[in-house]
Every structure is written in C-alpha cells, then in structure tokens.
Amino acid sequence: MVENLVIVESPAKAKTIEKFLGKDFMVKSSFGHIRDLTKKEFGVDVKNNFEPDYIVSDDKKAVVKELKSLAKDAKTVWLASDEDREGEAIAWHLAEVLDINDEKVKRIVFHEITKNAILKAIESPRPINKNLVDAQQARRVLDRLVGFEVSPVLWKKVKPQLSAGRVQSVAVRLIVEREREINNFKPASSFRVNGIFKIVDKSGKETELKAELSKRFSNKADAEAFLQRSLKAEYAVENIVTKPAKRSPAPPFTTSTLQQEASRKLGYSVSQTMSVAQRLYEAGKITYMRTDSVNLSSLAINTSKAKITELYGEAYSKTRQFKTSSKGAQEAHEAIRPTYIDKETVTGTKQEQRLYDLIWKRTVASQMSDARLEKTTITIGISKTDEKYVASGEVIKFDGFLKVYTESTDDEEEKKNGQTILPPLEIGRQLDCIEVLAAQRFTLRPPRYTEASLVKKLEEQGIGRPSTYAPIITTIQNRGYVVKSDRPGEERKFVTLVLKNDNIKEETKTETFGQEKSKLFPTDIGMVVTDFLMKSFKSIMDYNFTAKVEEEFDEIAEGDLVWNEMIGDFYKPFHNLVEESLQHSEKANGERVLGSDPETGKQVSVKIGRYGPLVQLGETTDGENGEKPKFASLQPGQSIETITLDEALSLFRLPREVGEYEGKKVTVSIGRFGPYVRHDNKFISLSKTDDPFSVGIDRAVELIEAKREKDRKAVIKVFDEDNDLRVLNGRWGPYVSYKKKNYKIPKSTKPEELSFDDCMKLIKAADENPKKGRRKKQ
C-alpha cells in the first residue's frame, strides 16, 4: 500500500519532485489532461445550463486505470499540477475521474520545483479552487461553442474544412489589417542632409564628426538650393549642451517578455521558447514559466544582491521590487527567474543553456544599479545660411546593469540609429567640412509582425493570457491562415547630392528595401475568412469584446461571476448571429476582377478555389457556349489582393513543354502542391530556387535523375513472400513499411539483414505496443 500518492502532469516534473520526497511518497504523472470535451455534437449541453460532456481519451485510459488503482490504496492523494487555471482544472478532473474521497485529496501548488518549495507546499495544502476550475471551464466551453458553430458557416459560405476560433480569428485579423496597411502604404521621400567635419585634436590626431542638418527637404530642388548656399561656407561650433542621463533595467521576465526577448536575441519561436522553458521548470532550474507578474520573492532579491556584490562589487547592486501593470494578472505570483540565482549556468541541451542564460541575466540585471550616461549635443552654425547641423552622442560614465544585460527592441529605426561618442570640442571652434551629403530617404511602411511583436500586441490589447499566446500563434499557422516566412526585398532608385571641394555632384543609386526575416504574412484564405467574419460576426471579431471576455474569465476566477451565466449571456445573441449568417450571408471567395485578356477579350479574375487561390480566364457562363474557363494556381508569394493583370496572364504560360527525355515529353507546371516537372507520368517537385517559367530541359533532366537516385536509395529490401512488405530508408533512418504503416527498426539491427520472419516479428511486437514500435509517417 502506498502511503502518499503525488500526481503531476508530466513525467519530467515527476522525476524531479521524486528526488525531494522520501520513500513514503510515490510520484506519478497523468501525462497532461486525462479528459476533454467529447467531439460528438458540441460536447456541451446548451439546453442544460451549458453542462460540459467530458470523456477520457482512448490514449489516457491505461493511465487512468493505473492512477485509479494507486489512488484507491493510497492514504493521501496529493494533486500537484501547475498553479495556473489549467493546472487547477487538471487537478479537478483527476479528483473527479479517479473518484477519490474528498477527505484524502490534498491540492498543493508551488511556483518552483525546489526541495524547500515542495516541502512547504506539503505543509500547507489547500482544497481545489473551484473558481479557477470554472474560469478554465468557461474558456474551454466558450471556445468550443464558437469553433463548432462558426466553422460550419465557413464550410458553407467560404470553403470546406475551414475552422474558426474565438481568439485565433482576432489574432489573424491583426495580421490581415497590418498587411493591408502595408499594401496601401505610399512612401513619401525627403532629402536628409549630413555634414562630415574634420577634427584635429591637440596631438594632431584626425577624427571625423558626422552631424545632421536640423531640417529635411521635401524635394531635390530645395536640397540642391541648400548645397548651393553652402558653397564656400564656413562652419563653427555654436553651442555644446551636456546633460547627465540614466538608464534603468527592465523588470524580470513575464511569459510575454520572455517570448519576445527569446525571439529577438536567440531566434526562438514562441512555441519553442515555451517548450524549452517547460523543460527548465520541470527540471527545477527556473520558476513557473506562465506568469504575468514581475514580482520577485525576498529570497530571490537577497540572493541576487549577494551574487551581484560577489561578481561586480557593491556599487552595482540596487534592490528593486517591480509592480505588475498587466490587467488581470492572474497566473503565478512571481516573475520567471532561476530557482538558484547563484548558479550562472546549468547543464542541459544547448537550447536550455541559452534560455537559462537569458533568464539569469535579465533577473540579475533587474537588481543592479542604473547606468549613468552623459549626453552631449553639439550645434554647428553655417556662415551663409540659417540652418544648423546637430551632432548627438553619449558616453557611459558607469555601466551599471549594462555590464550584464541590454534589452532588445523591435523598432528597426532604433536599431539603426545607435549613439556615438563625440570628440572633445569647444564653442567657437572653426571646423573644416570634408563633404555634405544630401540623400533621398523614404518613409518606412508599418512593420509586419514577428511572433514576438504579435505577442506584445496581443498583451497590449488584453487578448489572451500567458498560457494562450503560444497556442494562438501555433494554431493560426497550422490552420493555414498565416505563414511565417522570409521575403526578398525590392530594388528602388534614390538620388544623392554630394558637395565636396566646392563642387556639387548628383548620382542615382540603387538600394534594396523591404527584406523580411521570419515575419508573419496572412494567406489569401486567411484574408477572405477574416473579411467574412468581420462582415457576419463583427461583435466576435471586435478587439474590445475579446478583451472583455478575458476580464470576465478573471471575474469567474475571483468568484465574482458564475461561469455558465456568463456563457448564457453570450450564447443567445451569438447563436442568432450564426443562424442569420447561415440563411442570409453571401458566399465569399475574395473574387477580384483584374481586367480582360488582350488576346481573347475574356475576363481575368482571381479568387479562392477548392484547392486555394487561383486565376480564372473566362467566366463561368462561357461554358454554356461550349468553352470552359481556364484556371491557374498562384505561385508562392503571390496574393489575390495584389497580383496584377500581367502577372495573372503569365500563369497561363504553364504548363510549358521544355523538351524530350528518353523519347518522352518533359513539361513544367504548377499544381496544388507547387511547381513541378512531369515526365513519363511522374511528377518531380522543383526546388525553391527554380523558376517554373525559365527552367530548361537540362535542369529538368537533372531533377528527374536526382529523384530516381533518391527512390533507388530509399528501398533497402523487398520480399517475394509479400509485396506490401519493404525495408526502406526514410528521413529519420531505416524502417519497415507494411500495409501503409511504418515500424521502427532497433538500432542494434542491420536493416539489410532482416528476413521476412524478422520483419513480421517486429510488426507483431509493435502492434501490441504501438507507442514503442510504431513510427511516424515519412
């Protein structure tokens, strides 16, 4: 008989906790949620006060059976799932499903997995907080109702197999609106003037000082007129202003700021950051990673102070307690920090070490002194005009927290315009001008969202909570409404005017602008769905509504609102919207007429088709005359909102015949899965760098032979006894394939030596234990 059964939600967490508890405790994992809403009907009884219909999933039945048996024999069952609402819901579901007597159930919570924290939690258990559970139930039920009622409307009015989500759809709206801002943006140009001055110090050493004119010119003529006025001008320092300044450290990490900084500094996706942080937490290396608090415990503050003094000296230490400004902060009650601040590094994967290093530096820096700076502004007068040049710079007098950590920014202009150190000068000093450069500059279009900046925007709008940011961003990409990708920039010409040696020279140069790295782009289907939802479900898509719902979840968690009453107030008007939309809203496919084909006079349009965005040549009514419209898929990077008539017509150049190989035609075209070469009724994908409009026969043959070689290497062994049985080489190494299922080969086994009987034994063993023996599809 087990004296004490401790149940957590992950095996890694169980392993860490087990080390801190004695032999009287057994720690087991539930492997996450053990039950969820059934997928039959809604999983919610809307006629019975929105009663949820929960079922234990098939893959958790064995886990539940084991836990139920252990719980029955245990004297005390400690439910130790995470301390947020989702963790509270897991604990409640466990208590319900395992049918544990209330008297033997104890709920314990902790925000770090350390011996002290675990033992302290054991000493002060509490009942399951039903308010937190209800808040989580309300979120789950509301999201199910919205998803299950709106999705069928999209199937009927837009395209089959689409889905909608209460928060995800609003996140897509943010990205769609930003894309349209960019598409509608018209850059304005102006001329920015910089003077380069030669400075010679007392020792004869020469340096250069760059100063910018205090005004910009709206056109080339005005810029040129200024340079004309500057011919043979004299320059002198008119004023020098020096002011002390300081910079203070950022607060320790919340979930949102950790996701943003890990993206900027480490290049991690939001889901990657949360996955790595989860492993660090479960290994007892950092505190709980889903939090919107910036608070640090007194122990953490004191440990930080001791570590800072040890490493950098007392002057670098400054105790700070930050206050949480986030609306509805309701998750853990401490910021994300190392559990043991005296440990600068940890063992683990490279990813874990890098994220831990980021968290350690941010935490320690938050308890360090301000950086003291000296900011200097130099004003330079021009003898022949009233305009002034201004040079700004700063000197760090005391680095303070900057010795450890500097916060990054998403502002691209701020990244470019770094501060410089100015040479020593005095008022009245005459300066020699080396050259004056007037360069045409353009206003910047709004930046596309990165995952990090989208998290920041969601938090600012009050949309979602720490536990939901990563799932939101993952879901909108998985559903095909948003893609994260790089895009090459475009070229544009700009004019420069250079005044040097009393001579003005004009040049036209070329620059690349608008390059994108890991930015979020809405897909065509994402835009069409957003437009339809904005028209038919405007209230659901409203940013304020989404934020208000989050506040109501907070009220439920506080016990100030009854969860099913809140759902009831929402559901009736929402359901009426669904019914109205099904009956009266028009079908949406984003169709846009581009013009007419000059050769045939037929209409050219773009729209969303069954398999995605396409161009249509001719109208549907043309089929009545015996001639059906022609269709062509858009290429990657093209959009139905921005494609031009010429670009659309060029797509009908495909399929194109590029020659013959082995006596058979070779053609190139674009299909449902992208551009391809077709030969002998076989399809070979083009690489990302191949242009389907210019690929020739030589490249096509190269691709055909490469595919053949790959196919030859893929087959290690076949068997006469059964044609369905093969030993293949895949992306993750050799495996056995049989009747459309794949099976792992033990590392100690040579795949080429497997016999028919060996393979059948592997298959039988794997089918008896699918988790161990089955292999993911290649």
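Since we're looking at a predicted model, the values are computed, not measured.

Asks: What is the right way to read the sheet that holds strand β24 (residues 664-671) from this model?
Replies: Remark on secondary structure: sheet strands pair via backbone hydrogen bonds, oriented parallel or antiparallel. Overall, antiparallel pairing links the four strands, which are arranged β23-β24-β25-β26 in an open sheet. Strands with a single pairing partner mark the edges of an open sheet, and in this sheet they are β23 (656-661) and β26 (682-685). Put simply, the sheet's adjacent strands are angled 30° from each other on average, direction ignored. By the bridge criterion, four bridges tie strand β25 (residues 674-679) to β26 in an arrangement that is antiparallel. Each bridged residue has a counterpart across the sheet, and for Y676 the counterpart in β26 is S685. On the sheet, helix α20 (residues 697-714) packs against β23, β24, β25 and β26 and is oriented at approximately 65° with respect to β23.

Asks: Which parts of the structure should I look at to understand the nonpolar core?
Replies: The nonpolar side chains of soluble globular proteins are, as a tendency, buried together. In this structure, F110, L154 and L355 are the most contacted members of the largest nonpolar core, which totals 131 residues. Examining the composition of this core, we find that eleven residues originate from one element, helix α5 (residues 130-157), more than from any other. Those residues within four positions of F110 in sequence are excluded, and the remaining contacts are K13, I17, A80, E83, A117, I118, A121 and Y281. In terms of nonpolar packing, the next biggest core, distinct from the first, is built from 28 residues, F197, L213, I378 and L425 among them.

Asks: Before we go on, may I ask you to explain the packing of helix α17 (residues 543-557) against helix α18 (residues 563-584) in this structure?
Replies: In helix packing, the relevant descriptors are the interaxial angle and the interaxial distance, both defined with respect to the helix axes. Where α17 meets α18, the axes come as close as 10 Å, and the angle between the chain directions of the two elements is 160°. Taken together, the axes of α17 and α18 are roughly antiparallel relative to one another. Between α17 and α18 lies a crossing whose hand is right-handed. When α17 is examined against α18, the residues F545, V549, E552, F553 and I556 are found in contact with a partner set consisting of W563, M566 and F570.

Asks: Even after reading the chapter, I still don't get the environment of R178, so can you show me in this structure?
Replies: For R178, the position within the fold is in helix α6 (residues 166-184). The spatial distance from the C-alpha of R178 to the C-alpha of F521 is 9.2 Å, given a sequence separation of 343 residues. A polar contact is formed between the side chain of R178 and the backbone oxygen of P447, at a distance of 2.6 Å.

Rules and cut-offs
- Residues numbered from 1 in each chain as written.
- Predicted model: local features only at pLDDT ≥ 70, side-chain atom pairs only at ≥ 80, totals over all residues.
- Heavy atoms only, no water.
- Pairing = 2+ DSSP bridges.
- Helix = DSSP H or I, 4+ residues; strand = E, 2+ residues; numbered from the N terminus.
- Axes fitted to C-alpha atoms, helices over the stretch in contact; angles between N-to-C directions.
- Contact = heavy atoms within 4.5 Å.
- Core = buried A, V, L, I, M, F, W, Y, C linked by side-chain atoms within 4.5 Å.
- Buried < 20%, exposed > 50% of the residue type's maximum accessible area, 1.4 Å probe, protein only.
- Parallel < 35°, antiparallel > 145°, perpendicular 65-115°, else oblique.
- Left-handed = near helix turned anticlockwise from the far one by under 90°.
- Polar contact = N/O pair within 3.5 Å; in protein donor to acceptor, adjacent residues only side chain to side chain.

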